[in-house]
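# Structure assessment
The chain contents come next:
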Amino acid sequence: MLKVSGIETFYGKIQALKNVNLVVEQGQIVTLLGANGAGKTTTMKTIAGLLKPQKGTVEFLGENITGMRPDQLVRKGIALVPEGRAILSTMTVLENLEMGAFHRNDKDIKKDIENVMQQFPILKEREDQLGGTLSGGQQQMLAIARALLSKPKLLLLDEPSMGLAPLIVADIFKMIREIKDSGTTVLLVEQNAKQALKVADYGYVMETGKIIINGEASNLLEDPRVVEAYLGKKTS
Ligand SMILES: Nc1ncnc2c1ncn2[C@@H]1O[C@H](COP(=O)(O)OP(=O)(O)OP(=O)(O)O)[C@@H](O)[C@H]1O
Ligand SMILES: [Mg+2]
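So, how was this worked out
- Residues numbered from 1 in each chain as written.
- Chains lettered and ligands numbered in written order.
- Predicted model: local features only at pLDDT ≥ 70, side-chain atom pairs only at ≥ 80, totals over all residues.
- Heavy atoms only, no water.
- Helix = DSSP H or I, 4+ residues; strand = E, 2+ residues; numbered from the N terminus.
- Rg over C-alpha atoms; globule rule 2.2 N^0.38 Å.
- Buried < 20%, exposed > 50% of the residue type's maximum accessible area, 1.4 Å probe, protein only.
- Contact = heavy atoms within 4.5 Å.
- Lys, Arg positive; Asp, Glu negative; His and termini not counted.
- Charge placed at Lys NZ, Arg CZ, Asp CG, Glu CD.
- Polar contact = N/O pair within 3.5 Å; in protein donor to acceptor, adjacent residues only side chain to side chain.
- Near = heavy atom within 4 Å.
- Areas by Shrake-Rupley, 256 points an atom, 1.4 Å probe, with all protein chains shown as cover.
- Donors = N, O, S within 2.8 Å, 3.2 Å for Na, K, Ca; no water.
- Pairing = 2+ DSSP bridges.
- Core = buried A, V, L, I, M, F, W, Y, C linked by side-chain atoms within 4.5 Å.
- Axes fitted to C-alpha atoms, helices over the stretch in contact; angles between N-to-C directions.
- Left-handed = near helix turned anticlockwise from the far one by under 90°.
- Nonpolar A, V, L, I, M, F, W, Y, C, P; charged D, E, K, R; others polar.
- Salt bridge = Lys/Arg side-chain N within 4 Å of Asp/Glu carboxyl O.
- Arc of directions from axis to C-beta.

## Considerations on the overall build of the chain
- Check the secondary structure of the chain and you find ten helices and twelve strands.
- Computed over its C-alpha atoms, the radius of gyration of the chain comes to 17 Å, within 12% of the 18 Å expected for a compact globule of 236 residues.
- For the chain, with 236 residues in total, the buried portion stands at 50%.
- Within the chain, contacts between residues separated by at least 24 positions form 66% of all contacts whose residues are at least 6 apart in sequence.
- Taken as two groups, the 29 positive and 27 negative side-chain charges of the chain have centres that lie 4 Å from each other.

Laid out in structure tokens, this is it:
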């Protein structure tokens, strides 16, 4: 479904990605792991069209989408839930959800908003509340729900569990599995490597702008290099 081939992305003269190759098969959850500063967010932003690679290509459903604008890519079915959530704090929950459907003009929007509110009951309870007054976990759910309203085929999640309490993290991972089960493909960036590999089908590990390890998620959970660097101390 998604094929990233040899991408190199720069911030000015600083090269953040070096020959990054990765594939996401339709219907899977693929996770991208790595330490702080490895290049995970840069990879996600390059796929979503927020950054242009200097080299390499991004293909989506067989089409070369390299260099397309984020709004064009949303229409093609790629939605990014960015690191830090980026919900609109002075807009209500309902208004935030409506923003997720900004490019649509079909008549199912209302029904789809009702559906995501059923999926995330906390958002229904708080639909008139300002986004900024929600807890971290609720904001993350809102950010994911908003992205789902663009009806993505591929959902890019950048560290959805960051800064959340363990119980809420468990909710988020459960939700990611449900999103997969409903037919949406997921590329998941996570610091919580163990939980990410448990939910994922396939995984990639980045270090200083390069993919250094890739494999079936179940194999990576046992891979000594992964265990030592990313799973060692985590007990969850
Ligand atoms: N706007 C920017 N300008 C210059 N350099 C940047 C910018 N954003 C990121 N970088 C650098 O690019 C490299 C990759 O950063 P990136 O944010 O992609 O890492 P990451 O794997 O997402 O890290 P984290 O786990 O901290 O989110 C880092 O060395 C970072 O310092
Ligand atoms: Mg990041």
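## With respect to the environment of Thr-66
- Along the chain, Thr-66 falls in the loop between strand S7 (63-64) and helix H2 (70-76).
- Classification of Thr-66 as partly exposed rests on a relative accessible area of 27%.
- Sequence-distant contacts of Thr-66, that is, excluding residues within four places in its chain, are made with Pro-53, Gly-56, Thr-57 and Val-58.
- Separated by 2.9 Å, the side chain of Thr-66 and the backbone nitrogen of Val-58 make a polar contact.

## Quick notes on the site of ligand 1
- In the vicinity of ligand 1 there are 13 residues, among which Gly-37, Lys-40, Thr-41, Thr-42 and Glu-83 approach most closely.
- Separating an oxygen atom of ligand 1 from a side-chain N or O atom of Asn-36 is a distance of 3.2 Å.
- Residue Gln-191 places a side-chain N or O atom 3.4 Å away from an oxygen atom belonging to ligand 1.
- For ligand 1, whose unbound accessible area comes to 630 Å², protein coverage reaches 61%.

## Considerations on the environment of Met-175
- Position of Met-175 relative to the elements: it lies in helix H7 (residues 166-181).
- Taking C-alpha positions, Met-175 is 22 Å from Gly-132, a pair spaced 43 residues apart along the chain.

## Focus: the coordination of the magnesium ion (ligand 2)
- For the magnesium ion (ligand 2), the full set of protein donor atoms is Thr-41 (OG1) and Glu-83 (OE), at a range of 1.9 to 2.6 Å. Of this pair, Thr-41 sits in helix H1 (residues 40-47) while Glu-83 sits in the loop between strand S8 (78-81) and helix H3 (93-100), and the two are 42 residues apart along the sequence.
- The partly exposed category is assigned to Glu-83, whose relative accessible area is 37%.

## Brief notes about the sheet that holds strand S6 (residues 55-60)
- Strands sit in the order S4-S1-S6-S7 across an open sheet of four strands; the sheet is antiparallel. Among the strands making up the open sheet, the edge pair consists of strand S4 (20-24) and S7.

## Some details on the nonpolar core
- With 46 residues, the main nonpolar core has Leu-97, Phe-120, Leu-155, Leu-157, Ile-176, Leu-188 and Val-226 as its most contacted residues.
- Here this core gets seven residues from one element, more than from any other, and that element is helix H6 (residues 136-148).
- Residue contacts for Leu-97: discarding those within four places in its chain leaves Ile-113, Val-116, Met-117, Leu-142, Ala-145, Arg-146 and Leu-149.
- Ranked by size, the runner-up nonpolar core spans 26 residues in total, among them Val-4, Val-20, Val-30 and Leu-187.

## Quick word on the packing of H3 against H6
- Two elements in contact, H3 and H6, have axes whose closest approach is 7 Å; the angle formed by their N-to-C orientations is 35 degrees. Two packed elements cross with a definite hand, and for H3 against H6 that hand is right-handed. Across the interface between the two elements, Val-93, Asn-96, Leu-97, Met-99 and Gly-100 of H3 pack against Leu-142, Ala-145 and Arg-146 of H6.
- Of the residues that constitute the contact of H3 with H6, the class distribution is five nonpolar, two polar and one charged.

## Examining the side chain of Asp-158
- Structurally, Asp-158 can be placed in strand S9 (residues 154-158).
- At 6.7 Å, Lys-40 is the nearest oppositely charged side chain to Asp-158, a buried residue that forms no salt bridge.
- Within polar-contact distance, the side chain of Asp-158 engages the side chain of Thr-41 at 2.8 Å.

## Some details on helix H4 (residues 109-119)
- Three or more residues of H4 are buried, namely Ile-109, Asp-112, Ile-113, Val-116 and Met-117. All buried residues of H4 project into a common sector of 140 degrees when viewed along the axis, lining one side. Facing away from the buried side of H4, by more than 90 degrees, are the exposed residues Lys-110 and Gln-118.
- Where H4 is buried, its residues touch H3, helix H5 (121-125) and H6.

Nothing here speaks to function; it is geometry throughout.
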